[in-house]
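For reference, the chains in residue letters:
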Amino acid sequence: MSEHQEDTELFHSMINRVLDKEVAPFYEQWEEEAAIPRNVWRNLGQAGMLGIDMPEEYGGAAASFEISQLAIEEMARMGFGGLASGYNIHANIVMPYILHLGSEAQKQRYLPEMISGDVLSAIAMTEPGAGSDLAAMRTTAQRTEKGYVINGAKVFITNGLQAELVIVCAKTDPGAGAKGVSLFLVDTSLPGFSRGKGIRKIGQHASDTAELFFSDLVVPHDALLGEEGRGFVYLMQELPRERLGVGAQAVGATEGVLAITLDYVQQRKAFGQRVADFQNTRFKLAEARARLEMAKAYLKQCIAKYLKGEMGPTDAAILKLMLTEMQCDIANDCLQLFGGYGYTIEYPVSRFFVDARVQTIYAGTSEIMKEVIARSMLGK
């Protein structure tokens, strides 16, 4: 066994052990309460689950990128879709933004506490009138002698209710379109920051989602992440990793829903035979397995390209489009095989079904993914 394989197996075992202890016994309650208790993130931090691939100098485990994606995949496989989304934002998106773009002072200030779970993070891109079209955002950040003054609102922000740190996308030059966007590290305890009540969703209930407001909120000049006016470029640079996380979630959730469906159809009987013995069942499951194996192969290929710095926006768009649509299709087919029981919350297949739906919406809708792919083929 290679050293890489040994590391992967050790981390795989650790991840499952932590999830079995810290999450599995309580997840149903979190779903009902529509919130993950704040201390859970500290528990995950203490267990070494946050910052898996972050450098040791900031408190990370310095493990491989593949292992960080494995953590997302395992959460999704076990049916913890809401946790997987919140984790993806905190550990797989915000941390790398700070690591790749931040000053040494910003890294030293935030990464250790994010890795320990003492600081939970979010990223605020989407606005009430600007979703996938990020260049149309209206939140502004005006530079003054005392700092940047931020005004505006964001919506559908994962971890928004509990986050102590938010990366806020704002226009420093409102007339410059995408070239006028900058990124800021915003401490949510600052005057002028407020949150709306949690947004109720059809799925991923445990993941808190909020509307955020900025009213003459002043952040110091050193809260700027990277260079002024390069925010949109940074967002495009980091999108491949975000979409890899969504892809890992899709693969994990599909593995999970397929496993419980295989178990169910071999036990459930109808018309004197197992549901597993009907040709329709067998063909649906065969198609699901085939699509899943193809998805896993493409995810692995994209991870390899990402590690070489060769994964482009088209690769990321193809990955997100095909894997999330697969996840929704297979969750739908599996629920159908459960019959009436599939429509009850007592059976976990129903949560796999509702949790899947948002995967084709956030991080860029399927329609936007198709447009990105088409542009790579046809030009603008």
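What you see is a predicted model, and the numbers here were worked out from it, not measured in a lab.

In this section: the overall build of the protein chain. Helix and strand counts for the protein chain come out as 11 helices and 10 strands. For a compact globule of 380 residues, the expected C-alpha radius of gyration is about 21 Å, and the protein chain comes in at 21 Å, within 12% of that figure. Across its three principal axes, the protein chain shows a C-alpha extent of roughly 80 × 50 × 45 Å. Counting across all 380 residues of the protein chain, residues that qualify as buried make up 52%. Here the analysis covers contacts within the protein chain between residues at least 6 apart in sequence; of these, 75% occur between residues at least 24 apart. Across the protein chain, 37 positive and 47 negative side-chain charges occur, with their mean positions spaced 5 Å apart.

Time to look at the pattern of salt bridges. Between side chains of opposite charge, a pair can form when the charged atoms approach closely. What the rule picks out here adds up to 15 salt bridges. A salt bridge links D329 to R291, with the nearest nitrogen and oxygen atoms 3.1 Å apart. Here R291 lies in helix α8 (residues 279–307) and D329 lies in helix α9 (residues 313–337), a separation of 38 residues in the sequence. In this structure, D315 engages K305 in a salt bridge whose closest nitrogen and oxygen atoms are separated by 3.1 Å. Here the residue D315 occupies a position in helix α9, and K305 occupies one in helix α8, the gap between them amounting to 10 residues. Exposure remark for K305: the relative accessible area of 24% places this residue in the partly exposed category. Among the ionic contacts, a cluster of salt bridges with common partners joins E255, R289, E293 and K296.

Our focus in this paragraph is the packing of aromatic side chains. Counted under the stated rule, the structure contains 10 aromatic pairs. Between Y27 and F80 the ring centres are 4.8 Å apart and the planes differ by 45 degrees, which places this aromatic pair in the tilted class. With Y27 in helix α2 (residues 27–33) and F80 in the loop between α4 (65–77) and α5 (81–101), the pair connects residues that are 53 residues apart, well separated along the chain. Taken as a pair, Y27 and F80 share a single burial class, namely buried. Connected via pairs of aromatic rings, a cluster forms that spans F26, Y27, W30 and F80.

Residue placement: K320 occurs in helix α9. With no salt bridge to any partner, buried K320 finds its closest opposite charge in E325, at an N-O distance of 7.6 Å. Within the structure, the side chain of K320 is placed 2.7 Å from the backbone oxygen of Q359, a separation counted as a polar contact. The contacts of K320, once residues within four sequence positions are left out, are R243, V246, E325, Q359, T360, I361, Y362, A363, G364 and M369.

Compared with an ideal rise of 1.5 Å per residue, which puts 29 residues at 42 Å, α8 spans 42 Å between its outermost C-alpha atoms and is within 8% of the ideal. T281, L285, A288, L292, A295, Y298, L299, C302, I303 and Y306 are the residues of α8 that are buried. Buried positions along α8 lie against α4, α5, α7 (231–267) and α9. Just past α8, the residue G309 takes up positive phi, approximately 75 degrees.

With respect to the helices and strands, G79 occurs in the loop between α4 and α5. For G79, a relative accessible area of 7% gives the class buried. In sequence terms G79 and Y27 are 52 residues apart; their C-alpha atoms lie 9.2 Å from each other. If we ignore the near neighbours within four places in the chain, the residues touching G79 are Y27, R351, F352 and D355.

Reading the values: the criteria
Residues numbered from 1 in each chain as written. Predicted model: local features only at pLDDT ≥ 70, side-chain atom pairs only at ≥ 80, totals over all residues. Heavy atoms only, no water. Helix = DSSP H or I, 4+ residues; strand = E, 2+ residues; numbered from the N terminus. Rg over C-alpha atoms; globule rule 2.2 N^0.38 Å. Buried < 20%, exposed > 50% of the residue type's maximum accessible area, 1.4 Å probe, protein only. Contact = heavy atoms within 4.5 Å. Lys, Arg positive; Asp, Glu negative; His and termini not counted. Charge placed at Lys NZ, Arg CZ, Asp CG, Glu CD. Salt bridge = Lys/Arg side-chain N within 4 Å of Asp/Glu carboxyl O. Phe/Tyr/Trp six-rings, centres within 6.5 Å; stacked < 30°, edge-to-face > 60°. Polar contact = N/O pair within 3.5 Å; in protein donor to acceptor, adjacent residues only side chain to side chain. Expected span 1.5 Å × (residues − 1).

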